[in-house]
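# Architecture at a glance
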Amino acid sequence: MTDAIAAGKAKILVADDNEANRALVQNTLEDEGHRVILANDGAQAIDAFQREAPDCVILDVRMPGIDGFAACEKIRALPNGAEVPAIFLTALRDVDTFDRALEVGGDDFLTKPVRPAELVARVETALKLRRMRAELREHYDLLKQQRDALLRVQLQKERLMAFVVHDLKNPVGTMDLHAQLLLRDPKLSESSRESATQIRNEARQLSRLILNLLDLAKGDEGKLFAKRTQVALKVLVDGLLAELAVTAAARDIHLEAILTAEHVYADPDLLRRLLVNLLDNAMRHTPPETTVSVTATTTSEGVEVAVRDQGPGVPSELRDRIFDPFVQAERSQNDLSRAGRGLGLAFCRLAVEAHGGRIWIEDGSPGAIFKMVLPRER
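Anyway, here's the lowdown on the structure attached to this text.

Thresholds applied
- Residues numbered from 1 in each chain as written.
- Predicted model: local features only at pLDDT ≥ 70, side-chain atom pairs only at ≥ 80, totals over all residues.
- Heavy atoms only, no water.
- Buried < 20%, exposed > 50% of the residue type's maximum accessible area, 1.4 Å probe, protein only.
- Helix = DSSP H or I, 4+ residues; strand = E, 2+ residues; numbered from the N terminus.
- Pairing = 2+ DSSP bridges.
- Axes fitted to C-alpha atoms, helices over the stretch in contact; angles between N-to-C directions.
- Left-handed = near helix turned anticlockwise from the far one by under 90°.
- Contact = heavy atoms within 4.5 Å.
- Nonpolar A, V, L, I, M, F, W, Y, C, P; charged D, E, K, R; others polar.

Glancing now at the pairing of strand 12 (residues 368-375). With eight of its eight residues buried, strand 12 lies for the most part within the structure. Here strand 12 shows no split at all, with Ala368, Phe370, Met372 and Leu374 on one side and Ile369, Lys371, Val373 and Pro375 on the other all buried. Across seven bridges, strand 10 (residues 302-308) lies against strand 12 in antiparallel orientation. Across the sheet, valine 307 pairs through a bridge with phenylalanine 370, a residue of strand 12. Bridge analysis of strand 11 (residues 358-363) against strand 12 gives six bridges, and the strand direction is antiparallel.

Running from amino to carboxyl end, helix 10 (residues 268-285) crosses helix 11 (residues 344-354) at an angle of 145°, the nearest separation of the two axes being 9 Å. For the element pair helix 10 and helix 11, the recorded crossing hand is left-handed. Taking contact as the criterion, the partners of Leu270, Arg273, Leu274, Asn277, Leu278 and Asn281 in helix 10 are, on helix 11, Gly344, Leu345, Phe347, Cys348, Ala351 and Val352. Residue composition of the contact of helix 10 with helix 11, by class: eight nonpolar, three polar and one charged.

Now for unusual backbone geometry. Residue proline 113 is bonded to the preceding lysine 112 through a cis peptide linkage, with omega at 0°. Structurally, proline 113 can be placed in the loop between strand 5 (108-111) and helix 6 (116-183). Cis geometry marks the peptide bond from serine 365 to proline 366, where omega comes out at 5°. On the secondary structure map, proline 366 appears in the loop between strand 11 and strand 12. Even without being glycine, aspartate 252 reaches a positive phi, approximately 60°. With respect to the helices and strands, aspartate 252 occurs in the loop between helix 9 (245-250) and strand 7 (253-259).

Reading across the sheet, the five strands line up as 2-1-3-4-5 and stay open at both edges, with parallel pairing between neighbours. With one partner strand each, in any of the chains shown, strand 2 (35-39) and strand 5 form the two edges of the open sheet. Across the sheet, the mean angle separating the axes of adjacent strands is 20° when strand polarity is ignored. Across four bridges, strand 3 (residues 56-60) lies against strand 4 (residues 86-90) in parallel orientation. By the bridge assignment, valine 57 is partnered in strand 4 with alanine 86.

The following block contains the structure:
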(Lines give C-alpha, C1' and ligand atoms only; values in the text may rest on other atoms or scores of the structure.)
Protein backbone atom coordinates (compact mmCIF):
# COMPACT_ATOMS: atom_id res chain seq x y z
CA MET A 1 0.00 0.00 0.00
CA THR A 2 1.52 3.30 -1.13
CA ASP A 3 1.41 6.60 0.75
CA ALA A 4 -0.63 8.01 -2.15
CA ILE A 5 -3.42 5.49 -1.54
CA ALA A 6 -3.35 6.22 2.18
CA ALA A 7 -3.76 9.92 1.35
CA GLY A 8 -6.70 9.19 -0.96
CA LYS A 9 -4.70 9.84 -4.19
CA ALA A 10 -3.58 6.95 -6.33
CA LYS A 11 -1.70 6.09 -9.51
CA ILE A 12 -4.15 4.45 -11.93
CA LEU A 13 -3.34 2.64 -15.17
CA VAL A 14 -6.04 2.89 -17.87
CA ALA A 15 -5.81 0.66 -20.97
CA ASP A 16 -8.35 1.16 -23.79
CA ASP A 17 -7.94 1.22 -27.58
CA ASN A 18 -10.65 3.90 -27.88
CA GLU A 19 -9.24 7.40 -27.41
CA ALA A 20 -12.58 8.92 -26.35
CA ASN A 21 -13.02 6.32 -23.65
CA ARG A 22 -9.44 6.90 -22.41
CA ALA A 23 -10.04 10.66 -22.26
CA LEU A 24 -13.31 10.26 -20.33
CA VAL A 25 -11.76 7.97 -17.74
CA GLN A 26 -8.62 10.15 -17.49
CA ASN A 27 -10.52 13.40 -16.98
CA THR A 28 -12.90 11.84 -14.46
CA LEU A 29 -10.14 10.36 -12.30
CA GLU A 30 -7.78 13.33 -12.55
CA ASP A 31 -10.62 15.56 -11.32
CA GLU A 32 -10.56 13.39 -8.19
CA GLY A 33 -6.84 14.04 -7.73
CA HIS A 34 -5.55 10.71 -9.04
CA ARG A 35 -2.63 10.38 -11.45
CA VAL A 36 -3.62 8.53 -14.63
CA ILE A 37 -1.29 6.49 -16.85
CA LEU A 38 -2.63 5.67 -20.33
CA ALA A 39 -2.10 2.61 -22.55
CA ASN A 40 -3.59 1.89 -26.01
CA ASP A 41 -3.61 -1.91 -25.73
CA GLY A 42 -2.78 -4.89 -23.51
CA ALA A 43 0.93 -4.99 -24.37
CA GLN A 44 1.39 -1.32 -23.46
CA ALA A 45 -0.57 -1.92 -20.25
CA ILE A 46 1.80 -4.71 -19.19
CA ASP A 47 4.87 -2.56 -19.93
CA ALA A 48 3.35 0.41 -18.06
CA PHE A 49 2.52 -1.77 -15.08
CA GLN A 50 6.13 -2.94 -14.79
CA ARG A 51 7.44 0.59 -15.23
CA GLU A 52 5.00 2.62 -13.13
CA ALA A 53 3.76 0.15 -10.45
CA PRO A 54 0.21 1.58 -10.40
CA ASP A 55 -2.20 1.26 -7.48
CA CYS A 56 -5.17 0.26 -9.65
CA VAL A 57 -5.67 -1.01 -13.21
CA ILE A 58 -8.63 -0.34 -15.52
CA LEU A 59 -8.70 -2.60 -18.59
CA ASP A 60 -10.97 -2.58 -21.62
CA VAL A 61 -11.96 -6.17 -22.39
CA ARG A 62 -11.73 -5.94 -26.20
CA MET A 63 -8.38 -4.57 -27.38
CA PRO A 64 -6.27 -5.58 -30.41
CA GLY A 65 -3.46 -8.06 -29.80
CA ILE A 66 -3.44 -8.80 -26.09
CA ASP A 67 -6.99 -8.21 -24.86
CA GLY A 68 -7.97 -7.11 -21.36
CA PHE A 69 -8.39 -10.65 -20.01
CA ALA A 70 -4.98 -11.81 -21.24
CA ALA A 71 -3.35 -8.59 -19.98
CA CYS A 72 -4.86 -9.12 -16.54
CA GLU A 73 -3.53 -12.68 -16.39
CA LYS A 74 -0.03 -11.51 -17.26
CA ILE A 75 -0.19 -8.63 -14.76
CA ARG A 76 -1.30 -11.01 -12.01
CA ALA A 77 1.83 -13.08 -12.65
CA LEU A 78 4.14 -10.06 -12.22
CA PRO A 79 5.69 -9.04 -8.86
CA ASN A 80 2.96 -7.35 -6.74
CA GLY A 81 0.53 -7.93 -9.60
CA ALA A 82 -1.77 -10.04 -7.48
CA GLU A 83 -2.29 -7.22 -4.97
CA VAL A 84 -3.39 -4.48 -7.39
CA PRO A 85 -7.16 -4.24 -8.03
CA ALA A 86 -8.24 -4.71 -11.66
CA ILE A 87 -11.46 -3.24 -13.05
CA PHE A 88 -12.79 -4.33 -16.46
CA LEU A 89 -14.63 -2.07 -18.93
CA THR A 90 -16.82 -3.77 -21.52
CA ALA A 91 -19.80 -3.16 -23.74
CA LEU A 92 -20.79 -6.82 -23.30
CA ARG A 93 -23.12 -7.38 -20.38
CA ASP A 94 -23.43 -11.16 -20.19
CA VAL A 95 -22.66 -13.99 -17.78
CA ASP A 96 -19.82 -15.48 -19.86
CA THR A 97 -17.93 -12.17 -19.92
CA PHE A 98 -18.52 -11.67 -16.22
CA ASP A 99 -17.32 -15.21 -15.39
CA ARG A 100 -14.22 -14.76 -17.54
CA ALA A 101 -13.40 -11.50 -15.76
CA LEU A 102 -13.55 -13.25 -12.39
CA GLU A 103 -11.54 -16.20 -13.70
CA VAL A 104 -8.54 -14.04 -14.68
CA GLY A 105 -8.58 -12.20 -11.34
CA GLY A 106 -10.77 -9.18 -11.97
CA ASP A 107 -12.02 -7.27 -8.94
CA ASP A 108 -14.87 -5.34 -10.58
CA PHE A 109 -16.83 -5.07 -13.79
CA LEU A 110 -18.16 -1.88 -15.44
CA THR A 111 -20.28 -1.75 -18.61
CA LYS A 112 -20.03 0.96 -21.25
CA PRO A 113 -20.99 3.70 -21.66
CA VAL A 114 -19.12 4.61 -18.49
CA ARG A 115 -20.90 6.92 -16.07
CA PRO A 116 -18.33 9.16 -14.32
CA ALA A 117 -19.96 8.96 -10.88
CA GLU A 118 -20.11 5.16 -11.01
CA LEU A 119 -16.49 4.97 -12.23
CA VAL A 120 -15.29 7.11 -9.32
CA ALA A 121 -17.28 5.05 -6.82
CA ARG A 122 -15.94 1.73 -8.17
CA VAL A 123 -12.34 2.94 -8.20
CA GLU A 124 -12.59 4.32 -4.65
CA THR A 125 -14.12 1.04 -3.48
CA ALA A 126 -11.32 -0.96 -5.13
CA LEU A 127 -8.66 1.24 -3.51
CA LYS A 128 -10.37 1.03 -0.13
CA LEU A 129 -10.47 -2.77 -0.33
CA ARG A 130 -6.78 -2.79 -1.17
CA ARG A 131 -6.05 -0.64 1.87
CA MET A 132 -8.08 -2.99 4.03
CA ARG A 133 -6.29 -6.06 2.67
CA ALA A 134 -2.93 -4.43 3.38
CA GLU A 135 -4.01 -3.55 6.94
CA LEU A 136 -5.33 -7.08 7.49
CA ARG A 137 -2.03 -8.48 6.25
CA GLU A 138 -0.17 -6.26 8.70
CA HIS A 139 -2.45 -7.44 11.53
CA TYR A 140 -1.97 -11.05 10.43
CA ASP A 141 1.81 -10.64 10.40
CA LEU A 142 1.67 -9.04 13.85
CA LEU A 143 -0.56 -11.82 15.23
CA LYS A 144 1.75 -14.44 13.73
CA GLN A 145 4.76 -12.81 15.40
CA GLN A 146 2.91 -12.73 18.72
CA ARG A 147 1.83 -16.36 18.34
CA ASP A 148 5.39 -17.42 17.54
CA ALA A 149 6.66 -15.49 20.57
CA LEU A 150 4.05 -17.14 22.82
CA LEU A 151 4.94 -20.55 21.45
CA ARG A 152 8.59 -19.88 22.17
CA VAL A 153 7.76 -18.84 25.73
CA GLN A 154 5.66 -21.99 26.14
CA LEU A 155 8.55 -24.17 24.97
CA GLN A 156 10.92 -22.35 27.32
CA LYS A 157 8.47 -22.90 30.17
CA GLU A 158 8.31 -26.59 29.41
CA ARG A 159 12.11 -26.77 29.48
CA LEU A 160 12.09 -24.94 32.82
CA MET A 161 9.53 -27.41 34.21
CA ALA A 162 11.72 -30.29 33.09
CA PHE A 163 14.68 -28.67 34.82
CA VAL A 164 12.72 -28.05 38.02
CA VAL A 165 11.40 -31.59 38.22
CA HIS A 166 14.42 -33.58 37.13
CA ASP A 167 17.25 -31.43 38.49
CA LEU A 168 15.71 -30.27 41.77
CA LYS A 169 13.50 -33.14 42.84
CA ASN A 170 16.38 -35.54 43.53
CA PRO A 171 18.48 -33.09 45.63
CA VAL A 172 15.41 -32.21 47.70
CA GLY A 173 14.75 -35.90 48.29
CA THR A 174 18.37 -36.34 49.37
CA MET A 175 18.02 -33.45 51.85
CA ASP A 176 14.96 -35.10 53.37
CA LEU A 177 16.74 -38.48 53.57
CA HIS A 178 19.78 -37.04 55.38
CA ALA A 179 17.51 -35.17 57.79
CA GLN A 180 15.80 -38.49 58.60
CA LEU A 181 19.19 -40.16 59.17
CA LEU A 182 20.15 -37.41 61.60
CA LEU A 183 16.89 -37.80 63.49
CA ARG A 184 17.60 -41.52 63.99
CA ASP A 185 20.85 -40.74 65.78
CA PRO A 186 20.14 -41.20 69.55
CA LYS A 187 23.18 -39.06 70.41
CA LEU A 188 21.84 -36.01 68.53
CA SER A 189 21.38 -32.95 70.77
CA GLU A 190 17.94 -31.47 71.21
CA SER A 191 18.83 -28.28 69.28
CA SER A 192 20.30 -30.32 66.41
CA ARG A 193 17.20 -32.51 66.41
CA GLU A 194 15.02 -29.42 66.08
CA SER A 195 17.18 -28.18 63.21
CA ALA A 196 17.00 -31.56 61.43
CA THR A 197 13.24 -31.58 61.89
CA GLN A 198 13.02 -28.10 60.40
CA ILE A 199 15.20 -29.16 57.46
CA ARG A 200 12.88 -32.08 56.80
CA ASN A 201 9.77 -29.91 57.00
CA GLU A 202 11.23 -27.37 54.57
CA ALA A 203 12.39 -30.14 52.21
CA ARG A 204 8.86 -31.52 52.14
CA GLN A 205 7.49 -28.05 51.49
CA LEU A 206 9.94 -27.55 48.62
CA SER A 207 9.04 -30.96 47.21
CA ARG A 208 5.35 -29.99 47.21
CA LEU A 209 6.19 -26.74 45.46
CA ILE A 210 8.10 -28.62 42.75
CA LEU A 211 5.23 -31.03 42.19
CA ASN A 212 2.72 -28.17 42.13
CA LEU A 213 4.72 -26.46 39.41
CA LEU A 214 4.80 -29.66 37.40
CA ASP A 215 1.07 -30.25 37.73
CA LEU A 216 0.21 -26.65 36.87
CA ALA A 217 2.21 -27.07 33.67
CA LYS A 218 0.36 -30.32 32.95
CA GLY A 219 -2.94 -28.55 33.58
CA ASP A 220 -2.07 -25.83 31.05
CA GLU A 221 -1.43 -28.55 28.49
CA GLY A 222 -4.57 -30.52 29.45
CA LYS A 223 -2.47 -33.48 30.58
CA LEU A 224 -3.44 -33.75 34.26
CA PHE A 225 -5.77 -36.72 34.77
CA ALA A 226 -7.16 -38.25 37.95
CA LYS A 227 -6.78 -42.04 38.20
CA ARG A 228 -9.75 -42.57 40.49
CA THR A 229 -10.24 -45.50 42.82
CA GLN A 230 -11.89 -46.08 46.20
CA VAL A 231 -9.88 -44.38 48.96
CA ALA A 232 -10.34 -44.96 52.70
CA LEU A 233 -10.62 -41.43 54.04
CA LYS A 234 -9.83 -42.20 57.69
CA VAL A 235 -6.59 -43.99 56.81
CA LEU A 236 -5.51 -41.19 54.47
CA VAL A 237 -6.41 -38.29 56.78
CA ASP A 238 -5.02 -39.91 59.94
CA GLY A 239 -1.74 -40.49 58.13
CA LEU A 240 -1.57 -36.87 57.01
CA LEU A 241 -2.31 -35.50 60.48
CA ALA A 242 0.38 -37.72 61.96
CA GLU A 243 2.84 -36.50 59.34
CA LEU A 244 2.02 -32.85 60.11
CA ALA A 245 1.86 -33.30 63.88
CA VAL A 246 5.41 -32.07 64.53
CA THR A 247 4.88 -28.89 62.49
CA ALA A 248 1.52 -28.29 64.17
CA ALA A 249 3.00 -28.78 67.64
CA ALA A 250 5.82 -26.35 66.88
CA ARG A 251 3.20 -23.73 66.06
CA ASP A 252 0.97 -24.71 69.01
CA ILE A 253 -1.86 -25.73 66.67
CA HIS A 254 -4.28 -28.60 67.29
CA LEU A 255 -5.25 -30.85 64.36
CA GLU A 256 -8.49 -32.82 64.31
CA ALA A 257 -10.54 -34.90 61.89
CA ILE A 258 -14.32 -35.43 61.91
CA LEU A 259 -15.17 -37.90 59.17
CA THR A 260 -18.68 -39.25 58.63
CA ALA A 261 -17.89 -40.30 55.04
CA GLU A 262 -15.75 -43.42 55.08
CA HIS A 263 -14.66 -43.61 51.45
CA VAL A 264 -14.19 -41.30 48.47
CA TYR A 265 -13.71 -42.12 44.81
CA ALA A 266 -10.49 -40.27 43.98
CA ASP A 267 -6.89 -40.40 42.80
CA PRO A 268 -5.01 -41.30 46.02
CA ASP A 269 -1.85 -39.32 45.20
CA LEU A 270 -3.66 -36.19 43.97
CA LEU A 271 -6.07 -36.27 46.92
CA ARG A 272 -3.23 -36.67 49.41
CA ARG A 273 -1.30 -33.73 47.97
CA LEU A 274 -4.49 -31.69 47.72
CA LEU A 275 -5.23 -32.15 51.44
CA VAL A 276 -1.59 -31.49 52.38
CA ASN A 277 -1.71 -28.17 50.53
CA LEU A 278 -4.99 -27.18 52.20
CA LEU A 279 -3.76 -28.21 55.67
CA ASP A 280 -0.44 -26.44 55.19
CA ASN A 281 -2.29 -23.32 54.04
CA ALA A 282 -4.57 -23.48 57.10
CA MET A 283 -1.69 -23.97 59.57
CA ARG A 284 0.24 -21.04 58.12
CA HIS A 285 -2.70 -18.70 58.66
CA THR A 286 -4.30 -19.81 61.91
CA PRO A 287 -3.12 -18.30 65.25
CA PRO A 288 -1.45 -20.38 67.97
CA GLU A 289 -3.69 -22.26 70.41
CA THR A 290 -6.39 -22.77 67.76
CA THR A 291 -7.62 -25.78 65.83
CA VAL A 292 -7.37 -26.78 62.18
CA SER A 293 -10.01 -29.37 61.34
CA VAL A 294 -10.76 -31.72 58.46
CA THR A 295 -14.33 -32.88 57.94
CA ALA A 296 -15.87 -35.21 55.36
CA THR A 297 -19.57 -35.76 54.77
CA THR A 298 -21.68 -37.47 52.13
CA THR A 299 -23.95 -35.18 50.07
CA SER A 300 -26.17 -35.58 47.03
CA GLU A 301 -23.24 -34.51 44.84
CA GLY A 302 -20.70 -36.89 46.33
CA VAL A 303 -18.28 -36.46 49.23
CA GLU A 304 -17.78 -32.96 50.64
CA VAL A 305 -14.41 -32.41 52.31
CA ALA A 306 -13.69 -29.23 54.26
CA VAL A 307 -10.54 -27.81 55.88
CA ARG A 308 -11.22 -25.11 58.46
CA ASP A 309 -8.88 -22.71 60.25
CA GLN A 310 -9.41 -19.83 62.68
CA GLY A 311 -7.23 -17.25 60.96
CA PRO A 312 -8.18 -13.88 59.43
CA GLY A 313 -10.19 -15.48 56.63
CA VAL A 314 -10.23 -14.58 52.94
CA PRO A 315 -11.75 -11.29 51.76
CA SER A 316 -14.93 -11.88 49.74
CA GLU A 317 -13.54 -10.00 46.73
CA LEU A 318 -10.56 -12.38 46.64
CA ARG A 319 -12.37 -15.70 46.98
CA ASP A 320 -12.96 -16.22 43.26
CA ARG A 321 -9.35 -15.37 42.34
CA ILE A 322 -7.33 -16.96 45.13
CA PHE A 323 -7.23 -20.27 43.26
CA ASP A 324 -5.50 -18.60 40.29
CA PRO A 325 -1.71 -19.11 40.02
CA PHE A 326 0.41 -16.54 41.90
CA VAL A 327 -2.59 -14.73 43.43
CA GLN A 328 -2.04 -13.72 47.06
CA ALA A 329 -3.68 -11.49 49.61
CA GLU A 330 -1.61 -8.67 51.02
CA ARG A 331 0.17 -9.30 54.31
CA SER A 332 -1.29 -7.72 57.38
CA GLN A 333 0.69 -6.39 60.32
CA ASN A 334 0.35 -9.62 62.29
CA ASP A 335 1.46 -11.57 59.17
CA LEU A 336 -1.54 -13.92 59.35
CA SER A 337 -3.16 -12.92 56.05
CA ARG A 338 -3.43 -15.20 53.06
CA ALA A 339 0.08 -14.62 51.74
CA GLY A 340 2.09 -17.39 50.15
CA ARG A 341 3.61 -18.57 46.92
CA GLY A 342 0.32 -18.59 45.02
CA LEU A 343 0.80 -22.17 43.74
CA GLY A 344 -0.65 -24.52 46.36
CA LEU A 345 -4.23 -23.33 46.03
CA ALA A 346 -3.92 -23.19 42.24
CA PHE A 347 -2.91 -26.84 42.32
CA CYS A 348 -5.87 -27.62 44.60
CA ARG A 349 -8.39 -26.29 42.10
CA LEU A 350 -6.61 -28.09 39.28
CA ALA A 351 -6.67 -31.39 41.19
CA VAL A 352 -10.33 -31.05 42.18
CA GLU A 353 -11.37 -30.20 38.61
CA ALA A 354 -9.38 -33.21 37.34
CA HIS A 355 -11.80 -35.27 39.45
CA GLY A 356 -14.80 -33.50 37.95
CA GLY A 357 -15.47 -31.73 41.25
CA ARG A 358 -15.47 -28.15 42.50
CA ILE A 359 -13.74 -26.16 45.25
CA TRP A 360 -14.73 -22.94 46.99
CA ILE A 361 -14.25 -20.85 50.15
CA GLU A 362 -16.74 -19.97 52.87
CA ASP A 363 -16.45 -17.56 55.79
CA GLY A 364 -15.70 -19.38 59.06
CA SER A 365 -16.20 -16.34 61.34
CA PRO A 366 -13.44 -16.52 62.39
CA GLY A 367 -11.26 -18.12 59.77
CA ALA A 368 -11.82 -19.65 56.36
CA ILE A 369 -13.41 -22.93 55.30
CA PHE A 370 -12.01 -24.44 52.14
CA LYS A 371 -14.60 -26.84 50.79
CA MET A 372 -14.53 -29.26 47.89
CA VAL A 373 -16.90 -31.84 46.49
CA LEU A 374 -15.62 -34.96 44.77
CA PRO A 375 -18.28 -36.76 42.72
CA ARG A 376 -19.26 -40.33 43.51
CA GLU A 377 -18.26 -43.22 41.29
CA ARG A 378 -20.14 -43.30 37.99
